[in-house]
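Each chain, letter by letter, is given below.
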Amino acid sequence: MLRLTLQGMRARWITFTGSFVALALGVGLIAATGLALAATFQAPHRGPERFAAAPVVVRATDTLRVHTPIGERTQRLADPRAVPAEVAAELARLGRTIEDRTFPVSYASVGGEDGEGAAAAGHPWSVAAATPYRLTDGRAPRTPGEVVVAAAARERDRSGGGVAVGDRVRVVTPAGADSRTVVGTVAATDFETAVFFTDAEAAQLSPRIDALVVHADATAVRKAVQNAVRGTGSGIDVLTGDERRRADPDPDRDSEALVAVNALLGTAAGITCFVSVFVVASTFAFAVAQRRREFGLLRTAGATARQIRRTVFAEAVLVAVPASAAGCLLGAVGAPPLAAWMVDSGVAPSWFAIGDQTWPLHTAFWTGLCVAMAGVLTSSWRAGRIKPTEALREAALDNGTMPPSRWLLGALLLLAGLGLLVWSLATDPGEALKRKTYITRPMLLIVGFALYAPVLVPPLVRLVTWLPARLPGATGLLARENAATGVRRTAAVAAPVLITVALAASLLGTTATINEAKANEAAAQTTADYVVAAPGDKGALPAPIVTRAQSIPGAAVSASRSTAVTVLEEGVALVRSEARAVDPAALAAVSRLPVASGRVADLDDGGIVVNEEWLTRTVGQRVRVWLGDGREVTLRIVAVLRTGTGGNGVYVTPRNAPGAPVDRVDVAVRDGADASAVDAALREAGTATRTTVLTKDEWLARSHPRSSESTRLGLLLILGIALLYTGITLANTLVMATSDRVGDLAVLRLTGATKPQVLRLVAAEALVVVAVGSLLGAAVAGLNLLGLRGALALLSVRSPLVVPWGGLAAMVAASAVLAVVAAVVPALTALRTRPVEHAGTRE
């Protein structure tokens, strides 16, 4: 039986080569994405950076810690408190201390273009001794108006247009904008861009003490801190050794960067694994289905059904083992270039690289082997049931019937996909907007539609060939009949097209629709004519822009602050919600919030505005929360906002966000006011303070882009890998299918068809199959997008569906070109042989 198996593989080398290629590429993709995913599980260890030369660092804690029945739960504080003055005084008795102050600044060369300049962090010069910063040129600042800036080596070259000693720069601080002289430069670092001031000026610009560098014994420092804060409720951290890293700017930036990369690669790995499993199983099943007459001959020769099944499994093992091994090798070779592309495109941090983990290779190998076995499982059972009379059939005609098990499995998958959609719409419409939902649902529908291919293909073929079949000539008619009767062949070739169109349309359409919905929602909620926002996530607006805007006649101004509140839900889950601190009266003049119940106007220092995602969301109820600085308070719910697309946050008053700076100013022109005068005054204030004034439309375009670069690159990674594989598999399957039909092509030649006519027929059949796969994929995508549209309607968000027609047209066109080439080339090769030599050949 083994010799017979090897002889059969040698005779059908094209079919088995196609199966080998499909499996090797599938395993390679799983291995490559798995290796990249494994590299995101652990961030590199970094020691202290900013306070590397400080013996002891004292600062207010930036972590909220809450004890629950299942253990301690933690959350980062949005606005950590300052080090109390009494603590600083107590520690000064122990030894020399250096007060560190950190405040947002930006700077640009005097005479340059108007704008916010380069974002940086301001510090007093004395703290530089405890940091890696050392003068590379010039001297320390001695008087107000002098600064030391961090500059890379190339920036210190005047020919490069950078900052050098003696330059005049315009620096924007919390106090406003002013010209200053660069008296020194320090080497740039990758954790922040620093600007140093004199200690006195830094204290004037930012009075609060953010950290203390203490030159004393750590044990004595801890004891002094405990004595100073006893009974005050203030949380103070005393950091030594590697713990000093917690005082660095954004100490968790490496792990947070990996979280985003992990989510992206996890999605890519999930889709890649699904595509690989789907395509490999389909390819192996098709390879077995091609050999019905061969198995009939074996049955006629006396082979039992069990021997047929053993032959099929033996062939699958002989192909799957080397193919899986080759795929692991491809994955190991392809993973480093994938990681390098992610770094170069900005998707991953600069230090991201493939590690020495081997478990993804083991996982990919055994996944490939199991998928190959699963792909031939049903087909081998069907092959064992082939009757000897099948060898006498002259036409490779599929009867289109499906076994009850296939009907049942297809129905279960379709019902699961549609049922999850209906369930989410009925219970939590916002779930439909989450990535794991709009990625998982199409997968269920894709497999469901693929299982029903034997009954869906014939009517779809007749639909797409209705007009071509009625045109003069026999090409359209023959293409229709060949595609409709060869159901298994048509379904196998259409499968890669189905998955390509369904995934691309679902993911591209869903993300574009959600982005459009968020932009429309923000536009509906903002009635301001102008928005002035601080750059970056932790920026602050200079005080003069706020006071000047509020003094403009005819302008309604709302100055707000970014903060956060944390609530303990169900006694065990510590949930943080982004919030804004606002004056309710000023907010009403520049916004139109989607209030579900209550009144935003009732917001006061004892109240809070929440949204429908909160567990406690009844107006009048009191809820225990922790504010951005860690203080625990109980606030009264005064209003509840609709969930929307998830961007409707929480609102408190400025008194409940004491450490948060103003980072956004909304300005509306009052009725009857001179709009041009307000515009001129506001832009003059922006120019004077070096802040950017945006119209509402400009702000929406910046803050809610229809297509962000990160989203585009993420989709390119997720879809690019999968669609490249499906494209190769489409060509591979067509080569297998066309090479199996050399006898049919020879008969056409013997009946009088010319070579061009035969090639046109082959190309037409390929186009028909692509059209069928595209229609099935469009049906899957349509169901997914209609579900999203229903979710948005239930969330009271008015937004149209965004269908990526251009991208879909390009993918269908590429599939069509690839299919035609992959079908015509092997047909052209077969036609080089005299037709009589292939006449009657079926296997």
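Given the structure is predicted, the values throughout are model-derived calculations rather than measurements.

**Student:** I tried to follow the overall build of the protein chain on my own but got confused; where do I start?
**Tutor:** Check the secondary structure of the protein chain and you find 23 helices and 23 strands. Counting the 843 residues in the protein chain, one finds 51% classified as buried. Within the protein chain, contacts between residues separated by at least 24 positions form 81% of all contacts whose residues are at least 6 apart in sequence. When the accessible surface of the protein chain is summed, it comes to about 36800 Å², and 58% of that surface belongs to carbon and sulfur atoms.

**Student:** Looking at this model, I keep getting lost on the packing of helix α11 (residues 435-451) against helix α12 (residues 453-464). Mind explaining?
**Tutor:** For any two helices packed against each other, the geometry comes down to the angle between their axes and how far apart the axes lie. Where α11 contacts α12, the axes come no closer than 6 Å and their chain directions differ by 75°. Looking at the two axes, α11 sits roughly perpendicular to α12. Across the interface between the two elements, Phe449, Ala450 and Leu451 from α11 touch Ala453, Pro454 and Leu456 from α12. Of the residues contributing to the contact of α11 with α12, the split by class is six nonpolar, no polar and no charged.

**Student:** Sorry, what's going on with helix α15 (residues 543-550) here?
**Tutor:** Each full turn of the α-helix corresponds to 3.6 residues, which orients residues three or four apart in the same direction. When we look at burial in α15, the residues that qualify are Ile545, Val546 and Ala549. Viewed end-on, α15 has its buried residues packed into an arc of 100°, placing them on one side of the element.

**Student:** How do you make sense of the pattern of salt bridges when you look at a structure like this?
**Tutor:** Side chains that differ in sign of charge can pair as their charged atoms come close. Applying the stated criterion across every chain yields a total of 30 salt bridges. Taking the shortest distance from any N to any O, the salt bridge between arginine 76 and aspartate 252 comes out at 2.8 Å. A residue pair is termed long-range when its members are at least 10 positions apart, and arginine 76 in strand β3 (residues 71-76) and aspartate 252 in the loop between β13 (236-239) and α6 (253-289) qualify at 176 residues. On the basis of relative accessible area, arginine 76 is assigned to the partly exposed category, the value being 30%. Among the residues examined, aspartate 252 registers a relative accessible area of 32% and is labelled partly exposed. Of the charged contacts, one joins arginine 655 and aspartate 605 as a salt bridge, the two residues approaching to 3.5 Å between their closest N and O atoms. On the criterion of sequence distance, the pair formed by arginine 655 in the loop between β21 (650-652) and β22 (662-669) and aspartate 605 in the loop between β17 (595-598) and β18 (607-611) is long-range, its members being 50 residues apart. Owing to a relative accessible area of 37%, aspartate 605 belongs among the partly exposed residues under this scheme. Counted as one network, the salt bridges with shared partners bring together Arg46, Glu49, Arg245, Asp248, Arg253 and Asp254.

**Student:** What should I look at first to understand the nonpolar core in this one?
**Tutor:** The biggest cluster of nonpolar side chains holds 95 residues, and the ones touching the most others in it are Met342, Phe352 and Ile446. Discounting residues that sit within four places of it in the chain, isoleucine 446 has contacts with Phe274, Phe278, Leu498, Ile499, Ala502, Leu503 and Val780. Of all hydrophobic cores here, the second largest spans 24 residues; its members include Ala753, Val769, Val770 and Val824.

**Student:** Would you mind going over unusual backbone geometry with me for this structure?
**Tutor:** Leaving glycine out, the prevailing phi sign among residues is negative, and the prevailing peptide bond configuration is trans. With a phi close to 55°, glutamate 570 is a non-glycine residue in the positive phi region. Relative to the helices and strands, glutamate 570 resides in the loop between β15 (555-569) and β16 (573-581). Overall, glutamate 570 belongs to the exposed group, its relative accessible area being 68%. We note that arginine 690 has phi near 60°; this positive angle belongs to a residue other than glycine. Residue position: arginine 690 is located in the loop between α17 (675-689) and β23 (694-695).

**Student:** What is the right way to look at the environment of alanine 753 in this model?
**Tutor:** With respect to the element layout, alanine 753 can be found in the loop between α20 (742-750) and α21 (755-794). Its relative accessible area of 16% is what places alanine 753 among the buried residues. In contact with alanine 753, other than residues within four places in its own chain, are Leu748 and Val758.

**Student:** Just checking my understanding: could you explain the pairing of strand β4 (residues 97-100) for this structure?
**Tutor:** With burial as the criterion, only one face of β4 is covered, namely that bearing Ile98 and Asp100; the residues Thr97 and Glu99 on the opposite face remain uncovered. The pairing of β4 with strand β12 (residues 211-214) spans four bridges and is antiparallel. Paired with glutamate 99 across the bridge in β12 is leucine 212.

**Student:** How do you make sense of the packing of aromatic side chains when you look at a structure like this?
**Tutor:** The geometry of an aromatic ring pair comes down to the distance between the two centres and the angle between the two planes. One pass over the full model with this rule turns up seven aromatic pairs. Arranged with centres 6.2 Å apart and planes meeting at 55°, the rings of tyrosine 133 and phenylalanine 191 form a pair that is tilted. Residue tyrosine 133 is located in the loop between β6 (118-124) and β7 (135-138), and its partner phenylalanine 191 is located in the loop between β10 (176-187) and β11 (194-197); the two are separated by 58 residues in the primary sequence. We note that tyrosine 133, like phenylalanine 191, is buried. With 5.2 Å between their ring centres and 70° between their planes, tryptophan 407 and tyrosine 452 make a pair best called edge-to-face. Placement of tryptophan 407 in helix α10 (residues 404-427) and of tyrosine 452 in the loop between α11 and α12 is noted, with a sequence separation of 45 residues between them. Members of the aromatic cluster, connected to one another through ring pairs, are Trp125, Tyr133, Phe191 and Phe196.

**Student:** How do you make sense of the packing of α15 against α17 when you look at a structure like this?
**Tutor:** In the contact formed by α15 and α17, the axes pass within 9 Å of each other and the chain directions differ by 165°. Taken together, α15 and α17 sit at an angle that is classed as roughly antiparallel. In the packing of α15 onto α17, the handedness of the crossing is right-handed. Contact residues: α15 offers Pro544, Ile545, Arg548 and Ala549, while α17 offers Leu682, Glu684, Ala685, Gly686, Ala688 and Thr689. Here the residues of the contact of α15 with α17 are counted per class, giving six nonpolar, two polar and two charged.

**Student:** Just to check I follow, could you spell out the confidence of the model for the protein chain for this structure?
**Tutor:** Where the model shows low pLDDT, its predicted coordinates should not be examined in detail. Per-residue confidence for the protein chain gives a mean pLDDT of 83; residues scoring 70 or more make up 88%. Between residues 153-161, whose pLDDT stays under 50, and residues either more than four places distant or in other chains, the model counts 12 contacts.

**Student:** Would you explain the sheet that holds β12 in this entry?
**Tutor:** Strands in a sheet are paired, the pairing made by backbone hydrogen bonds, and the direction either parallel or antiparallel. Read across the sheet, four strands follow the order β4-β12-β1-β13 without closing on themselves; strand pairing throughout is antiparallel. Two strands in the sheet have a free side with no partner beyond their single neighbour: β4 and β13. Between one strand and the next, the sheet's axes are offset by a mean angle of 20°, whatever the strand orientation. Sitting on the sheet, helix α3 (residues 85-92) touches β1 (56-60), β4 and β12, and the angle it makes with β12 is about 5°.

**Student:** Just checking my understanding: could you explain the pairing of β16 for this structure?
**Tutor:** The side chains of a regular strand alternate between both faces of the sheet. Relative to β16, β15 runs antiparallel, the two sharing nine bridges. The residue bridging threonine 566 from the neighbouring strand is arginine 576, located in β16. Between the antiparallel neighbours β15 and β16 lie three residues, among them glutamate 570 with a positive phi of about 55°.

**Student:** Is there a simple way to explain the side chain of threonine 566 in this structure?
**Tutor:** Position of threonine 566 among the secondary structure elements: in strand β15. For threonine 566, the residues in contact, after removing those within four places along its chain, are Leu64, Gln75, Leu574, Val575, Arg576, Arg624, Val625 and Trp626.

**Student:** I would appreciate a short explanation of α12 in the present structure.
**Tutor:** The terminal C-alpha atoms of α12, which comprises 12 residues, lie 15 Å apart, in line with the 16 Å expected from a rise of 1.5 Å per residue. Of all the residues in α12, the buried ones are Ala453, Pro454, Val457, Leu460 and Val461. All buried residues of α12 lie within an arc of 130° about the axis, which places them on one face of the element. If you follow the buried residues of α12, they end up packed against α10, α11, α13 (475-485), α14 (487-525) and α21.

Reading guide: rules and limits
- Residues numbered from 1 in each chain as written.
- Predicted model: local features only at pLDDT ≥ 70, side-chain atom pairs only at ≥ 80, totals over all residues.
- Heavy atoms only, no water.
- Helix = DSSP H or I, 4+ residues; strand = E, 2+ residues; numbered from the N terminus.
- Buried < 20%, exposed > 50% of the residue type's maximum accessible area, 1.4 Å probe, protein only.
- Contact = heavy atoms within 4.5 Å.
- Areas by Shrake-Rupley, 256 points an atom, 1.4 Å probe, with all protein chains shown as cover.
- Axes fitted to C-alpha atoms, helices over the stretch in contact; angles between N-to-C directions.
- Parallel < 35°, antiparallel > 145°, perpendicular 65-115°, else oblique.
- Nonpolar A, V, L, I, M, F, W, Y, C, P; charged D, E, K, R; others polar.
- Arc of directions from axis to C-beta.
- Salt bridge = Lys/Arg side-chain N within 4 Å of Asp/Glu carboxyl O.
- Core = buried A, V, L, I, M, F, W, Y, C linked by side-chain atoms within 4.5 Å.
- Pairing = 2+ DSSP bridges.
- Phe/Tyr/Trp six-rings, centres within 6.5 Å; stacked < 30°, edge-to-face > 60°.
- Left-handed = near helix turned anticlockwise from the far one by under 90°.
- pLDDT = per-residue confidence, 0-100.
- Expected span 1.5 Å × (residues − 1).

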